[in-house]
Amino acid sequence: MGVRRCAATIAVIALTTLFAVPATAFALTLQAPLSSFKSVDVTVTLEASDPTGTVCVLAGGRVVASRLATPGSVVAFTGVEAGAGEIPLHAAVRHAGGIVYSAASTVTVWGVPGKPTLVRPAGGYAAAKTAVEVKPGPQTTSLTLIVNGVSLRTVAVTDGRVVRMAQVSLPKGTSTFKLIAANPLATAEYTFAVKRLDYPWPTCIIVDKSDFRLYWIRDGELVKAYPIAHGRVGASTPERNWRILAKYHTDPSSVYGPRKMRLFAQTSRGFSYTAYAIHGTSQPWAIGTRVSAGCIRMYNRDVLELFPQVPLGTMVQTRQ
């Protein structure tokens with residue numbers, strides 16, 4: 001007379017006998033709290049006129065608990081695992097004439113709030129100033145942002161919807177972002193380390209060879225980081241300052257991909273033309289490696305995104 005038997009009985013009989021006996025023939029009732037943490041306690045009451053049989057608790061139509069009950073009894077189910085979120089509960093009892101259901105009772109089951117995603121700044125890096133955008137984890141109704149020990153803002157959130165928390169200025173070095181995720185019955189803290197990039201100009205491109213990333217910084221804010229390839233052994237990309245003074249639309253099927261931005265090297269006399277450039281690639285599998293003759297390669301989709309944002313005259317720094 002367990003959960004498995006009750007589930008099988010309801011599945012087979014419900015469609016043919018559910019309406020054989022009017023629901024008003026018995027006074028089967030179910031009681032449950034409006035909200036609960038992780039599991040829920042359910043009480044099912046049978047009146048004296050109710051039959052002897054197996055009482056089942058259904059959560060969203062799924063049998064989650066069952067017990068043999070007699071007429072007039074009160075059956076307590078403790079710690080029923082009904083799922084998470086808003087769950088409709090019913091009780092059901094089978095007798096010789098069919099199955100009778102209780103009226104529905106909806107309970108909201110809360111768990112520990114899930115880990116949020118720090119959408120921005122992304123990748124653990126930021127510029128001197130940055131917007132903070134967060135995608136809340138499951139079972140979260142509010143988020144509190146704390147940066148370097150200072151509480152900045154608490155906002156109500158909806159699962160899965162990105163929310164803009166604040167605009168912050170960061171000191172040099174690594175900052176600690178703490179997000180406190182909460183719901184009516186639980187809270188959880190999640191910590192993220194964000195390193196501030198060093199850069200010499202408010203608007204510039206930084207190519208960090210060590211982590212194979214190109215950072216696009218505009219007006220002191222990191223817009224986006226892109227994966228790159230750079231110079232192979234024997235043809236290493238020089239570490240120096242440059243300026244973009246020419247931009248080209250190139251053959252998408254060529255080794256340059258669809259776009260190229262020419263790097264002019266900074267010298268004591270100004271900026272000199274070079275063969276180095278930031279461009280796309282016909283070898284996307286090479287991104288993240290040292291493979292080029294010294295140029296900076298990007299995925300074609302990335303160089304197409306970056307190209308129109310970068311004005312002529314933009315400074316570039318390549319470094320280890």
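Quick look at the overall build of the chain
Now for step 1: Within the chain, the secondary structure is distributed over two helices and 27 strands.
Now for step 2: Here the C-alpha radius of gyration of the chain, 31 Å, is well above what a compact globule of 320 residues would show, namely 20 Å.
Now for step 3: Overall, the chain is about 100 × 45 × 30 Å in size when its C-alpha atoms are taken along their principal axes.
Now for step 4: Here the chain holds 320 residues, and 48% of them are scored as buried.
Now for step 5: Split by element, the accessible area of the chain, about 15500 Å² in all, is 54% carbon and sulfur.
Now for step 6: Charge-centre separation for the chain: the mean point of 33 positive side chains lies 11 Å from the mean point of 17 negative side chains.

Quick look at the environment of P171
Now for step 1: Within the secondary structure, P171 is located in the loop between strand 15 (163–169) and strand 16 (174–183).
Now for step 2: A relative accessible area of 43% places P171 in the partly exposed class.
Now for step 3: Separated by 146 residues in the primary sequence, P171 and Q317 place their C-alpha atoms 21 Å from one another.
Now for step 4: Ignoring anything within four residues of it in the chain, the contact list for P171 reads N148 and R196.

Overview of the side chain of K260
Now for step 1: Turning to its location among the elements, K260 is positioned in strand 22 (residues 259–267).
Now for step 2: We note that K260 is buried and unpaired, the nearest opposite charge coming from D251 at a distance of 12 Å.
Now for step 3: Contact partners of K260, with chain neighbours within four places excluded, come to A246, K247, Y248, T250, A277, I278, H279 and F307.

Here's the deal with the sheet that holds strand 11 (residues 125–126)
Now for step 1: One open sheet accounts for five strands, arranged 11-17-16-13-14; its pairing is mixed. Pairing within the sheet leaves two strands with one partner each, and these edge strands are strand 11 and strand 14 (150–156).
Now for step 2: The pairing of strand 13 (residues 142–147) with strand 14 spans six bridges and is classified as antiparallel. When the bridges of strand 14 are listed, I146 appears paired with S151.

Side note on a nonpolar patch on the surface
Now for step 1: Taken together, the side chains of F37, V112 and L185 present a nonpolar region at the surface, about 240 Å² in accessible area.
Now for step 2: Its place among the elements puts L185 in the loop between strand 16 and strand 17 (186–196).

Re the sheet that holds strand 3 (residues 40–45)
Now for step 1: If you walk across this open sheet you meet the three strands as 1-3-6, and the pairing is antiparallel. Two strands bound the open sheet, and with one partner strand each, they are strand 1 (29–31) and strand 6 (74–80). Within the sheet, the average angular offset between the axes of one strand and its neighbour, ignoring direction, is 20°.
Now for step 2: Note: strand 1 against strand 3, three bridges, orientation antiparallel.

Focus: the nonpolar core
Now for step 1: With 23 residues, the main nonpolar core has V42, V44, F77 and L89 as its most contacted residues.
Now for step 2: Only strand 3, strand 4 (53–59), strand 5 (62–69), strand 6, strand 7 (85–95) and strand 9 (105–110) provide two or more residues apiece to this core.
Now for step 3: The biggest single contributor to this core is strand 7, with four residues.
Now for step 4: Once residues within four sequence positions are removed from consideration, V42 is found in contact with L30, Q31, A32, V57, V75, A76, F77, V80 and L89.
Now for step 5: With 21 residues, the next largest nonpolar core counts V147, V155, M165 and A166 among its residues.

Examining the environment of T187
Now for step 1: Looking at the secondary structure, you find T187 in strand 17.
Now for step 2: Residues T187 and T140, 47 residues apart in the sequence, show an inter-C-alpha distance of 8.6 Å.
Now for step 3: Contacts of T187, omitting those with residues within four sequence positions, involve P113, A181 and A182.

Cut-off values and rules
Residues numbered from 1 in each chain as written. Predicted model: local features only at pLDDT ≥ 70, side-chain atom pairs only at ≥ 80, totals over all residues. Heavy atoms only, no water. Helix = DSSP H or I, 4+ residues; strand = E, 2+ residues; numbered from the N terminus. Rg over C-alpha atoms; globule rule 2.2 N^0.38 Å. Buried < 20%, exposed > 50% of the residue type's maximum accessible area, 1.4 Å probe, protein only. Areas by Shrake-Rupley, 256 points an atom, 1.4 Å probe, with all protein chains shown as cover. Lys, Arg positive; Asp, Glu negative; His and termini not counted. Charge placed at Lys NZ, Arg CZ, Asp CG, Glu CD. Contact = heavy atoms within 4.5 Å. Salt bridge = Lys/Arg side-chain N within 4 Å of Asp/Glu carboxyl O. Pairing = 2+ DSSP bridges. Patch = residues over 30% accessible without salt bridge, like charges linked within 9 Å, V, L, I, M, F, W, Y side chains within 5 Å. Axes fitted to C-alpha atoms, helices over the stretch in contact; angles between N-to-C directions. Core = buried A, V, L, I, M, F, W, Y, C linked by side-chain atoms within 4.5 Å.

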